[in-house]
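Summary of the model geometry
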Amino acid sequence: MKEMNSVSYEGPFWRSNGSILASNQLVDELFHYMSKWVLNKEGKLTREQKIETWNIDIQENEELNNYLLKIPAPSYSSRSKNTCDLIMLMCAIHLEDQVNQFLVFNINESIVNAIDRMSSVQKLEIALAVLNQENFKGTHIHQKLKDVMDWRNKYAHGKLDDMPKQETLRKTHLEHMPDQYPNLQDYVKKLIEIINNTYDVAEYLISISTHEYTSLRSSELIQLHGHNKMIKKFYEKYIINVESIDDLY
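These remarks concern the structure in this document.

Here the focus is helix 7 (residues 140-156). With 17 residues, helix 7 should reach 24 Å at 1.5 Å per residue; the first-to-last C-alpha distance of 24 Å fits that figure. Tucked into the core, helix 7 has its buried residues touching helix 4 (76-106), helix 6 (120-130) and helix 9 (184-208). The positive-phi residue at the C-terminal boundary of helix 7 is G158, with phi of around 75°.

Here the structure, examined in full by the defined rule, presents eight aromatic pairs. Ring centres 5.9 Å apart and planes at 75° place the aromatic pair F31 and F234 in the edge-to-face group. Placement of F31 in helix 1 (residues 19-41) and of F234 in helix 10 (residues 219-239) is noted, with a sequence separation of 203 residues between them. Exposure class is identical for F31 and F234. Each is buried.

Another point: the side chain of K123. In this fold, K123 is placed in helix 6. Classification of K123 as buried rests on a relative accessible area of 4%. Not counting the four nearest positions on each side in its chain, K123 is found in contact with V99, N100, L103, I115, D116 and M118.

Turning our attention to the packing of helix 9 against helix 10. Contact pair helix 9 / helix 10: the axes reach a minimum separation of 10 Å and the direction vectors enclose 155°. Viewed along their axes, helix 9 and helix 10 adopt a mutual orientation that is roughly antiparallel. Crossing of helix 9 over helix 10 shows left-handed handedness. Judged by residue contacts, L184, Q185, V188, K189, L191, I192, I195, N196, T198, Y199 and A202 of helix 9 engage L221, L224, H225, N228, I231, K232, Y235 and I239 from helix 10. Residues that form the contact of helix 9 with helix 10 fall into these classes: 12 nonpolar, five polar and two charged.

Bringing the pattern of salt bridges into the picture now. For side chains of opposite charge, pairing can occur when their charged atoms come near one another. Scanning the model with the defined rule gives 10 salt bridges in all. Two residues, K44 and E42, come together in a salt bridge whose shortest N-O distance is 3.2 Å. A salt bridge links E203 to R217, with the nearest nitrogen and oxygen atoms 3.1 Å apart. In this pair, E203 sits in helix 9 while R217 sits in strand 2 (residues 216-217), placing the two residues 14 residues apart along the sequence. Assigned by exposure class, E203 and R217 land together as buried. In the salt-bridge network here, residues are joined through shared partners; they are K146, D150 and K165.

Counting 55 residues, the largest nonpolar core has I87, L124, L145, V188, L191, I231 and I239 as the members making the most contacts within it. For this core, the secondary structure elements donating two or more residues are helix 1, helix 4, helix 6, helix 7, helix 9 and helix 10. Sorting elements by how many residues they give to this core places helix 9 first, with 13 residues. If we ignore the near neighbours within four places in the chain, the residues touching V188 are M34, C84, I231, Y235 and I239.

The contact between helix 1 and helix 4 brings their axes to 9 Å, and the two run at 165°. Judged by the inter-axis angle, helix 1 sits roughly antiparallel to helix 4. In this structure, the crossing between helix 1 and helix 4 has a hand that is left-handed. Of helix 4, the residues touching helix 1 (which contributes S19, I20, A22, S23, L26, V27, E29, L30, Y33, M34, K36 and W37) are Y76, S77, R79, S80, T83, C84, L86, I87, M90, C91, I93 and H94. Each residue belonging to the contact of helix 1 with helix 4 can be placed in one class, and the counts come to 15 nonpolar, six polar and three charged.

Residues G11 and P12 are joined by a peptide bond in cis, for which omega reads 10°. With respect to the helices and strands, the residue P12 is situated in the loop between strand 1 (2-3) and helix 1. In the Ramachandran plot, N132 falls in the positive-phi region, its phi being about 60° despite a non-glycine side chain. Here N132 shows up in the loop between helix 6 and helix 7.

To continue, consider the side chain of T198. Mapped onto the secondary structure, T198 falls in helix 9. Of note is the side chain of T198, whose polar atom sits 2.8 Å from the backbone oxygen of I194. Beyond its immediate chain neighbours, meaning those up to four positions away, T198 contacts C91, H94, L95, V148 and L221.

Cut-offs applied
Each chain has its residues counted from 1, running along the sequence as written. Under the rules for a predicted model, residues below a pLDDT of 70 receive no local features and side-chain atom pairs below 80 are neither given nor counted, while totals for whole chains, interfaces and linings still include all residues. By convention in this description, side-chain values take in all heavy atoms of the structure and omit both hydrogens and water. Helix and strand definitions follow DSSP, with helices as H or I runs of at least four residues and strands as E runs of at least two, each counted in order from the N terminus. Multiplying 1.5 Å by the helix residue count minus one yields the expected span of that helix. Whether two residues are in contact is decided by their heavy atoms: any pair within 4.5 Å suffices. In summary, the pairing rule links any two rings of Phe, Tyr or Trp, Trp by its six-membered ring, whose centres are within 6.5 Å, and it sorts them by plane angle into stacked for under 30 degrees, edge-to-face for over 60 and tilted for everything else. Only protein chains enter the accessibility calculation, which uses a 1.4 Å probe; a residue is then buried when its area is under 20% of its type maximum, exposed when over 50%, and partly exposed in between. Working convention: axes come from line fits to C-alpha atoms, limited for helices to the stretch in contact. Angles between N-to-C directions cover 0 to 180 degrees. An angle below 35 degrees is treated as roughly parallel, one above 145 as roughly antiparallel, one from 65 to 115 as roughly perpendicular, and anything else as oblique. Should the near helix be turned counterclockwise from the far one by less than a right angle, the crossing is left-handed, whereas a clockwise turn marks it as right-handed. Classification used: nonpolar for Ala, Val, Leu, Ile, Met, Phe, Trp, Tyr, Cys and Pro, charged for Asp, Glu, Lys and Arg, polar for all others including Gly. Between Lys or Arg on one side and Asp or Glu on the other, a salt bridge is scored when a side-chain nitrogen of the former is within 4 Å of a carboxyl oxygen of the latter. Residues belong to one nonpolar core when they are buried, are Ala, Val, Leu, Ile, Met, Phe, Trp, Tyr or Cys, and are joined through side-chain atoms within 4.5 Å. Pairing of N or O atoms within 3.5 Å defines a polar contact, subject to two protein rules: one partner must be a possible hydrogen donor and the other a possible acceptor, and residues neighboring in sequence count only if both atoms are side-chain atoms.

See the structure below:
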């Protein structure tokens, strides 16, 4: 397999929405927020740094500055969780795009058009049957794709990952009370899983591709995979062993 920028391919080229680029950019923001969270939790943020949390000029209004320091600063935990959600959503969009790209370059156009409104999981099941790739359903790659798409569907429909399936809206949103609400540990752990699943499914599609273009590895996805290793190290060093994660941090 070759990286896309290491060969001379003359087209046609797939036009994507750039979600993988957004994922990599958001990783920078995630590390910023998580680092601030660690420093604040350890009491290592200065008065000026705490004021900067509010994104105001510390020289502009000293009275306001002093007031803000008496109340909880914007939560770096919440900001980290929100950024995790955005990265996971971008991964799901990218993976859906990758499945569509694989279909267009590897199977007959009439079949692609006929299954266009199906889910990404169903599309790939049909595509692999056409390509005589048997027994895809039930494999670990099938499950990885399904997990990413299930998370995406819940998020897109305003549901949290812990909410039960096949329940009424009332039970889902008003009556379902989990033993513990998802905290920063849960979000980062899920993020690592989603990025890993996205990478593994993409690598699988490359391995079975019958077309030169979809046999190329994306340098952006390789970069995200490397970022995920760094996120995992940060998680294991600073987050996983924290007994209580307070969203006021």
